[in-house]
Amino acid sequence: MARIDLGHMTRLSPATVTAITSDLLDQGLILSLESEEPKAPQARGRPRTLLKLNPDAAYMIGVRLSVNNIDLALVDFAGEVTREKRTHFNSTNADAHSFPKALVDAIRLFLEEAGVGQARVREIGVAAQGVVETETGVVAWSPAFAGRKIPIVSPLHAAFGAECYISNDTNMIAEALHWSDPNRYSGTFAVIMLDYGVGMGLYLNNQLFSGASGTAAEFGHANHIPGGALCRCGKKGCLEAYLSDYALVRAATHQPEDTAPDTIDAGVSGLARLIELASSGDTDARTAFHEAGRVLGYGLARVIAMIDPRRVVLTGAAMRAFSFMERGMWEGLEEALVADLRNNFSLDVMPWNGDFIRSGLIAQSMERLDKDFLGKASLAAGRTPRPDNSEVRA
């Protein structure tokens, strides 16, 4: 984009645009290149100079932790994914002692293969399944680990010197939606993911909400029936114990409700088989999906009654079976909530896209990088950035 176009977009004067872009060029955050636009033969003056973000100004690493997998993405300052890799680990014995080292080693090898030095990485964003404490940088509990209280942020910061943050994976879906379409996904909205587990991402008053410790919106582990079906977290009666992939397979195959989730052949293949059975008219499979839909409706009723969201998004692998769940969901919602409350929201059913989680990590990291660069530029110019990113003279 040319300076004149920046001026039109921002309504800043040409002198102000020139001063700001000169600072950004000096800091190496943007680059100048000659326009390739054809000029008329009689045109006078130099060709227009275009400006673009400098991809090499900084890098961030996006990390997604799930059962047996570490998904890594290297992202440049322009927000482009330049390299990605999946590394495997053994979830059955990963604990607070063994996993941090395995994660650090995986990232070091990833950077070495990419030819990027550690010093060029400014941000590491991590998204994990399960109960994540964003304030302490710890995964309190997750199906991805055998142990509990897995430290993530401190080991990564010590190893790489980069700023490091961790979040629940469904929160990153909410962040990605807000980033990509803020007109539709803003204000107060909720994202519910039905997959290997049941997660929620929550925006309240245009801010991603994670609570005092970072463990808020654990929709899947809210109790549905006291003393009910066994959940993967070890408790009984959680919403997840009726909505996740293992819960659906357990119900369709008439296994006892106290059957341990890790003994059930579920996962991607198990859920796919169940959807195939339902599509062919299998009564047990269809009943399992219908009853899960009713549970989802009860859960949605609680969310709507408490926070009054403008929009609710349903996503995850189980959305391939939503046609079998939809009727039950509306039945449950109608039973649990008066019409005056349940008629105030819009429902989006969204096909599962794992890139949402990575996109949310990138969005957060790019915003933090910009604020960091802004703070350093303000200090160098003798100004002090306020918490709202405006500036005052020192």
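Every value quoted in this text rests on a predicted model; they were computed, and no experiment measured them.

## A closer look at the sheet that holds strand 11 (residues 189–194)
Okay, step 1: Read across the open sheet, the 5 strands follow the order 13-12-11-14-15; overall the sheet is mixed. Because the sheet does not close on itself, it has two edges, and the strands there are strand 13 (207–208) and strand 15 (346–349).
Okay, step 2: As paired strands, strand 14 (residues 311–315) and strand 15 are joined by 4 bridges and run parallel to one another. Among the inter-strand pairings, valine 312 is bridged to a residue of strand 15, identified as leucine 347.
Okay, step 3: Contacts between helix 5 (residues 169–180) and the sheet are confined to strand 11, strand 12 (198–204), strand 13 and strand 14, with strand 12 contributing the most and set at about 45° to the helix.

## Concerning the pairing of strand 14
Each regular strand carries side chains that alternate between the two faces of the sheet.
Okay, step 1: Across the 5 residues of strand 14, 5 count as buried, placing the element largely inside the fold.
Okay, step 2: On strand 14, burial covers both faces: Arg311, Val313 and Thr315 on one face and Val312 and Leu314 on the other are all buried.
Okay, step 3: Taken together, the 5 bridges between strand 11 and strand 14 define a ladder with parallel strand orientation. Looking at the pairing, alanine 190 lines up with valine 312 of strand 14.

## Brief notes about the pattern of salt bridges
Okay, step 1: Under the defined criterion, the tally for this structure stands at 17 salt bridges.
Okay, step 2: The partner of aspartate 372 in a salt bridge is arginine 122, with the nearest N and O atoms 2.5 Å apart. In this pair, aspartate 372 sits in helix 12 (residues 355–380) while arginine 122 sits in strand 6 (residues 121–128), placing the two residues 250 residues apart along the sequence.
Okay, step 3: Look at arginine 122 and you get partly exposed, because its relative accessible area is 23%.
Okay, step 4: Taking the shortest distance from any N to any O, the salt bridge between arginine 273 and aspartate 265 comes out at 2.8 Å.
Okay, step 5: The exposure class of arginine 273 is partly exposed, given its relative accessible area of 39%.
Okay, step 6: Within the structure, one salt-bridge network assembled from shared partners comprises Arg294, Arg327, Glu331 and Glu335.

## Considering helix 5
Given 3.6 residues per turn, any residue in an α-helix points the same way as the ones three and four places further on.
Okay, step 1: With 12 residues, helix 5 should reach 16 Å at 1.5 Å per residue; the first-to-last C-alpha distance of 17 Å fits that figure.
Okay, step 2: Within helix 5 the residues assigned to the buried category are Asp169, Thr170, Asn171, Met172, Ile173, Ala174, Glu175, Ala176, Leu177 and His178.
Okay, step 3: The backbone nitrogen of threonine 170 lies 2.8 Å from a side-chain oxygen of the residue at the head of helix 5, namely asparagine 168.

## So, the confidence of the model for the protein
Okay, step 1: Counting all residues, the mean pLDDT for the protein is 91, and 92% of those residues have values of 70 or more.
Okay, step 2: Taken together, the stretch residues 389–394 has pLDDT below 50 and engages in 18 contacts with residues farther than four places along the chain or on a different chain.

## Some thoughts on the nonpolar core
The nonpolar side chains of a soluble globular protein tend to be buried, and buried together.
Okay, step 1: Counting residues in hydrophobic clusters, the biggest one holds 53 residues, and the most contacted among them are Ile192, Leu194, Leu243, Phe289, Leu300 and Leu314.
Okay, step 2: Ignoring sequence-local partners within four residues, the contact set of leucine 243 consists of Leu194, Val198, Leu248, Ala292, Val295 and Leu296.

Reading the values: rules and limits
Numbering of residues starts from 1 in every chain and runs along the sequence as written. Local features in a predicted model are, by the rule used here, given only for residues with pLDDT of at least 70; side-chain atom pairs are given and counted only at 80 or more, and totals for whole chains, interfaces and linings are based on all residues. Calculation of side-chain values draws on the structure's entire complement of heavy atoms; hydrogens and water are dropped beforehand. For two strands to be treated as a pair, DSSP must find no fewer than two bridges joining them. Helical segments are the DSSP runs of H or I of at least four residues, strand segments are the runs of E of at least two, and each set is numbered from the N terminus. Whether two residues touch is decided by their heavy atoms; if any such pair falls within 4.5 Å, the residues are in contact. Simply put, an axis is a line fit to the C-alpha atoms, just over the touching stretch for a helix, and the angle between two N-to-C directions goes from 0 to 180 degrees. Relative accessible area decides the class of each residue, using a 1.4 Å probe on protein chains only: under 20% of the type maximum gives buried, over 50% gives exposed, and in between gives partly exposed. Counted as salt bridges are all cases of a side-chain nitrogen of Lys or Arg within 4 Å of a carboxyl oxygen of Asp or Glu. Here the expected span of a helix is defined as 1.5 Å times the quantity of residues minus one. Definition of a polar contact: a pair of N or O atoms within 3.5 Å, with one able to donate and the other able to accept a hydrogen when the atoms are protein atoms, and with sequence-neighbouring residues admitted only if both atoms are side-chain atoms. Each residue carries a pLDDT value, the predictor's own confidence for that position, ranging from 0 to 100. Note on terminology: a nonpolar core comprises buried Ala, Val, Leu, Ile, Met, Phe, Trp, Tyr and Cys residues joined through side-chain atoms within 4.5 Å.

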